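So you can see what is in the structure, the chains are spelled out below.
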Amino acid sequence: MADSSGRLQDAENAIILQALPGVDFLALYPGVIISQSGQLFDFQPDSPKLPGFKNLKFYSGSPGVKITVDPSQSPRAVLFFEGGSPAGAALAFFSFAGLSLLQLGVNATQGAARVGDPVSIALSDLTQFVWPGGPPTGGPVVAPQTKISAGSTQIQIA
Amino acid sequence: MAYLEVNGIPCVRGRLILPLSGVWVADVVAEAENDVGVFPTPGASCTVTFGTQSFQGTVRRSSNPFGTVFARLVGGAGGLPMDLEAKAYQNTTVENVLNDLLGDCGEVLADSSDQSVLTQPLASWARLASPAWQSLAVLMAWVNPGGNWRVLPNGQVWVGNETYPPTTMESAELLGYFPHLLEAEIFSDTPSIQPGQSYLGGQISLVTHFAEPGTIKSQIQFNDQQLSNVEDGNG
């Protein structure tokens, strides 16, 4: 009986595969980034059902994002097929492990600073400065150096 | 000479199924051996003759109870059920991917295949680990939707688009026409009719030849359209 039910299942699977020959291309396949050239990535899926890929595009879900990974840390990503087409292999969803640089807003016009970044203030930028107890006398005039000590975890850079 | 033979060995009965898209299949019953020779074993190539027609195929499987062979034969080298390994391509053509796929399973691309399909460029392509026929079906579904692929009588794999030329079958007697089934039955001594041809004004999607002791017939399935010649009484 087990044999006949197995044959029946094989037949059913074959019918399903014939009816939906492209269904495998609608799945997401996790794997490892092997190497990087510019914003193109060589990728090895975990599944032996898929080949290794070269020069895959990365879709970040946001414009103006560039990514740099450290392949020695086996950074992980997910492979998908754009439009469900075997000709549309691409990557998305990087994990943070092995992600060495994430650049946001590559074409944006306003920069952003982070907590701990140094700040240099040019005296010419100062429009009003009040010296408590009057200005000091003697010695060279130096621009004040400081750093950002607090900030928002959300930035708008466009 | 029997009407249906395998490598010259006469068959007691059998049927030969020729689909518009896919692999032709022959199911036969024959003596295990006679003075012509021994029936070929699974995996062996063979020549099936049905009337004046000849088909190059391979024995897919067989059983041999009581000195009688029951066998299923398939068109070509029998490699399309073979599991192929995954492979990725870049900057290539459909012809290269197709030749690679067929070569990996021992099949051969037909020279008569549609060049407009073969020369299509492919910036990238992914072949998953799967049976060869499935990879072939996926490739054709994407690069030539609406087209077909099939194993020809000469055993080669054809890909392309149908033109439905009139059949070159010399003579045939119409045994019956079943409009609700879009099906006709004919008798012909020279049944060269093929899927992808037209007959009685209809486009043929499937041909099944039957050989029984003392009789033969061919069943023809048409695409979903009116058969003008039959329904006008000119069949």
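In this text, all values refer to a predicted model and were calculated from it rather than measured experimentally.

Novice: What's the story with the overall build of chain A in this structure? I'm lost.
Specialist: A tally of regular secondary structure across chain A gives one helix and 10 strands. Ordering the α and β elements of chain A from the N terminus gives α-β-β-β-β-β-β-β-β-β-β. When each of the 158 residues of chain A is scored for burial, the buried share is 12%.

Novice: Sorry if this is basic, but what is going on with the overall build of chain B here?
Specialist: Of regular secondary structure, chain B possesses four helices and 19 strands. Radius of gyration (C-alpha) of chain B: 19 Å, near the 18 Å computed for a compact globule of 235 residues. Summarising its shape, the C-alpha atoms of chain B cover approximately 55 × 50 × 25 Å along the three principal directions. By residue count, 37% of the 235 residues in chain B fall in the buried class. Here the contacts in chain B between residues at least 6 apart in sequence split such that 60% fall between residues at least 24 apart.

Novice: Any chance you could explain the interface of chain B and chain A here in plain terms?
Specialist: Size of an interface: often given as the accessible area lost when the parts come together. Contacts between the two partners involve 17 residues from chain B and, on the opposite side, 16 residues from chain A. Among the elements of the structure, β10 (87-93), β11 (121-127) and α3 (132-143) of chain B are those that each provide at least two residues to the side of chain B that touches chain A. With six residues, β11(B) is the largest single contributor of residues to the side of chain B that touches chain A. Its residues assigned to classes, the side of chain B that touches chain A comprises 12 nonpolar, three polar and two charged.

Novice: For this particular structure, what's the right way to read the domain arrangement of chain B?
Specialist: By domain assignment, chain B separates into domain 1 (4-75), domain 2 (83-160) and domain 3 (173-231). Placing a centre on the C-alpha atoms of domain 2 of chain B and another on those of domain 3 of chain B gives a separation of 30 Å.

Novice: I tried to follow the nonpolar core on my own but got confused; where do I start?
Specialist: As a rule of thumb, soluble globular proteins bury nonpolar side chains together. All names here are of chain B. Ranked by internal contacts, the top residues of the largest apolar core, which has 70 residues, are Val 6, Val 28, Val 48, Leu 73, Leu 136, Leu 139 and Ile 220. The dominant element in this core, judged by the number of residues it contributes, is α3, at nine residues. Each residue touching Ile 220, except ones within four places of it in the same chain, is listed here: Glu 183, Ala 184, Ile 186, Ile 193, Tyr 199, Ile 204 and Val 207.

Novice: How should I be thinking about the packing of helix α1 (residues 94-104) of chain B against α3(B) in this particular structure?
Specialist: The description of two helices packed together rests on the angle between their axes and the distance between the axes. All names here are of chain B. Two numbers describe how α1 lies on α3: the axes approach to 10 Å, and their chain directions differ by 165 degrees. When the axis of α1 is compared with that of α3, the two are roughly antiparallel. The chirality of how α1 crosses α3 is left-handed. Contacts from Val 94, Val 97, Leu 98, Leu 101 and Asp 104 in α1 reach Ala 132, Ser 135, Leu 136, Leu 139 and Val 143 in α3. In the contact of α1 with α3, the residues fall into eight nonpolar, one polar and one charged.

Novice: Please clarify how the sheet that holds strand β3 (residues 53-56) of chain A should be interpreted in this entry.
Specialist: Two strands in a sheet stick together by hydrogen bonds in their backbones, pointing the same way (parallel) or opposite ways (antiparallel). Residues and elements named next belong to chain A. A sheet is described by the order of its strands in space; here six strands give the open sequence β3-β2-β1-β6-β7-β4, paired in mixed fashion. Of all strands in the sheet, those with a lone pairing partner are β3 and β4 (58-59), marking the two edges. Both strand β1 (residues 29-37) and strand β2 (residues 40-45) contribute to a ladder of six bridges, which runs antiparallel. From the neighbouring strand, Ser 37 faces β2, where its bridge partner is Leu 40.

Novice: Just checking my understanding: could you explain α1(B) for this structure?
Specialist: For an α-helix, 3.6 residues make a turn, and residues three or four places apart therefore share a direction. All names here are of chain B. Taken together, the buried positions of α1 are occupied by Val 94, Val 97, Leu 98, Leu 101 and Leu 102. Projected onto a plane normal to the axis of α1, the buried residues spread over an arc of 125 degrees and lie on a single side. Looking at the buried residues of α1, the elements they touch are β9 (83-84), β10, α2 (115-118), β11, α3 and β14 (157-160). Positive phi shows up at Gly 106, right after α1, with a value of about 85 degrees.

Novice: It is not clear to me how the environment of Thr168(B) should be interpreted in this structure. Could you clarify?
Specialist: Among the structural elements, Thr168(B) can be located in the loop between β14 and β15 (173-178). Remark: the alpha-carbon pair of Thr168(B) and Thr190(B), spanning 22 residues in sequence, is separated by 9.8 Å.

Novice: Quick question: what am I supposed to make of unusual backbone geometry here?
Specialist: Peptide bonds are trans in most cases, and residues, glycine excluded, mostly fall at negative phi. Residues and elements named next belong to chain B. Even without a glycine there, the phi angle at Tyr 164 is positive, about 50 degrees. Along the chain, Tyr 164 turns up in the loop between β14 and β15. The backbone of Leu 200 shows a phi angle near 60 degrees, a positive value even though the residue is not glycine. Within the secondary structure, Leu 200 sits in the loop between β17 (198-199) and β18 (202-212). With 22 C-beta atoms counted inside 10 Å, the residue Leu 200 sits in the buried group.

Novice: Explanation requested: α3(B) in the structure shown.
Specialist: Residue and element names in this part refer to chain B. Given a rise of 1.5 Å per residue, 12 residues ought to cover 16 Å, and the 16 Å separating the end C-alpha atoms of α3 matches this to within 8%. Within α3, 11 of the 12 residues are buried, leaving the element largely enclosed by the surrounding structure. Taken together, the buried positions of α3 are occupied by Ala 132, Trp 133, Gln 134, Ser 135, Leu 136, Ala 137, Val 138, Leu 139, Met 140, Trp 142 and Val 143.

Novice: Which parts of the structure should I look at to understand the environment of Ala150(A)?
Specialist: Mapped onto the secondary structure, Ala150(A) falls in the segment after β10 (145-147). In this structure, the C-alpha to C-alpha distance between Ala150(A) and Val115(A), residues 35 residues apart in sequence, is 5.7 Å.

Novice: Explanation requested: the confidence of the model for chain A in the structure shown.
Specialist: Close reading of the predicted structure is inappropriate where its pLDDT is low. Overall, the prediction assigns chain A a mean pLDDT of 80, with 79% of residues at 70 or greater. Averaged over each element, pLDDT in chain A is lowest for helix α1 (residues 2-19) of chain A (57) and highest for β2(A) (96).

What counts and how
- Residues numbered from 1 in each chain as written.
- Chains lettered and ligands numbered in written order.
- Predicted model: local features only at pLDDT ≥ 70, side-chain atom pairs only at ≥ 80, totals over all residues.
- Helix = DSSP H or I, 4+ residues; strand = E, 2+ residues; numbered from the N terminus.
- Buried ≥ 20, exposed ≤ 12 C-beta atoms within 10 Å, placed from the backbone.
- Rg over C-alpha atoms; globule rule 2.2 N^0.38 Å.
- Contact = placed C-beta atoms within 7 Å.
- Nonpolar A, V, L, I, M, F, W, Y, C, P; charged D, E, K, R; others polar.
- Domains from an automatic or database assignment.
- Core = buried A, V, L, I, M, F, W, Y, C linked by C-beta atoms within 7 Å.
- Axes fitted to C-alpha atoms, helices over the stretch in contact; angles between N-to-C directions.
- Parallel < 35°, antiparallel > 145°, perpendicular 65-115°, else oblique.
- Left-handed = near helix turned anticlockwise from the far one by under 90°.
- Pairing = 2+ DSSP bridges.
- Arc of directions from axis to C-beta.
- Expected span 1.5 Å × (residues − 1).
- pLDDT = per-residue confidence, 0-100.

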